[in-house]
Amino acid sequence: MNQYFEKVREYLLELDFNIVQEDESDGLFVVDKEDEGMKNVVLIVADPMVIVEQFLFELKSPNEKAYKQLLVKNRDIIHGAFALDDEGTKVFF
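Residues numbered from 1 in each chain as written. Predicted model: local features only at pLDDT ≥ 70, side-chain atom pairs only at ≥ 80, totals over all residues. Heavy atoms only, no water.

(A) Quick look at the overall build of the protein chain. Of regular secondary structure, the protein chain possesses two helices and seven strands. Reading the protein chain from its N end, one meets helices and strands in the order α-β-β-β-β-β-α-β-β. Projected onto its principal axes, the C-alpha positions of the protein chain cover 40 × 30 × 25 Å. Looking at the protein chain as a whole, 30% of its 93 residues are labelled buried. (Helix = DSSP H or I, 4+ residues; strand = E, 2+ residues; numbered from the N terminus. Buried < 20%, exposed > 50% of the residue type's maximum accessible area, 1.4 Å probe, protein only.)

Written out as C-alpha cells, the structure reads:
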C-alpha cells in the first residue's frame, strides 16, 4: 500500500478538487477543478513523488517540425515537460 495515497487524497479534498476517479492499488487520481481550468488531470502517487499529467491537445498532422517545437519549448519549462502518447499524436504536460 502506498503510504502517501491517503495524504494526497486529503490534500486534494482540502483544496476543493473534485475526485473523478481513484485507484489506490495504482496510486492514481483523476481530478477536476473546472473553475481553475483543470479537467481530467491525472495524479500518480509514486512514493516519493506525485506525477501530474494533463492532456493538452491532439496533433492533427504529426510531423518533425511539431516534435521539434515541443522539444525546444521543453527547454523553457522548469518543472515539467511536454510528452507524447505511444502513437505520437496526443500531447500531454
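(B) Just the nonpolar core, in detail. In this structure, Phe5, Val8, Leu12, Phe17, Ile19, Phe29, Val31, Val41, Leu43 and Val45 together form the largest nonpolar core, which totals ten residues. Mapped onto this core, the elements with two or more residues apiece are helix 1 (5–14), strand 2 (28–33) and strand 3 (38–46). Every residue in contact with Phe17, bar those within four places of it in the chain, is listed here: Leu12, Val31, Asp32, Lys33 and Met38. (Core = buried A, V, L, I, M, F, W, Y, C linked by side-chain atoms within 4.5 Å. Contact = heavy atoms within 4.5 Å.)

(C) Layout of the environment of Ala81. Position of Ala81 among the secondary structure elements: in the loop between helix 2 (64–74) and strand 6 (83–84). Between the C-alpha atoms of Ala81 and Lys68, which are 13 residues apart in sequence, the distance is 13 Å.

(D) How the structure looks around the side chain of Gln54. Among the secondary structure elements, Gln54 is positioned in the loop between strand 4 (49–53) and strand 5 (55–58). Separated by 3.1 Å, the side chain of Gln54 and the backbone oxygen of Lys39 make a polar contact. (Polar contact = N/O pair within 3.5 Å; in protein donor to acceptor, adjacent residues only side chain to side chain.)

(E) Highlighting the pattern of salt bridges. Here the structure, examined in full by the defined rule, presents four salt bridges. With a closest N to O distance of 3.1 Å, Arg9 and Glu22 form a salt bridge. Taken together, the positions of Arg9 in helix 1 and Glu22 in strand 1 (residues 18–23) put the pair 13 residues apart, joining distant regions of the chain. For Arg9, a relative accessible area of 25% gives the class partly exposed. Overall, the relative accessible area of 35% leaves Glu22 in the partly exposed class. Across the pair Asp76 and Lys73 runs a salt bridge, and its minimum N-O distance is 3.5 Å. Given a relative accessible area of 43%, Lys73 falls into the partly exposed group. Through salt bridges with shared partners, one network takes in Asp32, Glu34 and Lys39. (Salt bridge = Lys/Arg side-chain N within 4 Å of Asp/Glu carboxyl O.)

(F) The arrangement of the sheet that holds strand 3 in detail. Across the sheet, four strands lie side by side as 1-2-3-4; this open sheet has antiparallel pairing. With one partner strand each, in any of the chains shown, strand 1 and strand 4 form the two edges of the open sheet. Direction aside, neighbouring strands of the sheet carry axes that sit 20° apart on average. The sheet contact formed by strand 1 and strand 2 spans five bridges and is antiparallel. Bridge pairing links Glu22 to Phe29 in strand 2. (Pairing = 2+ DSSP bridges. Axes fitted to C-alpha atoms, helices over the stretch in contact; angles between N-to-C directions.)

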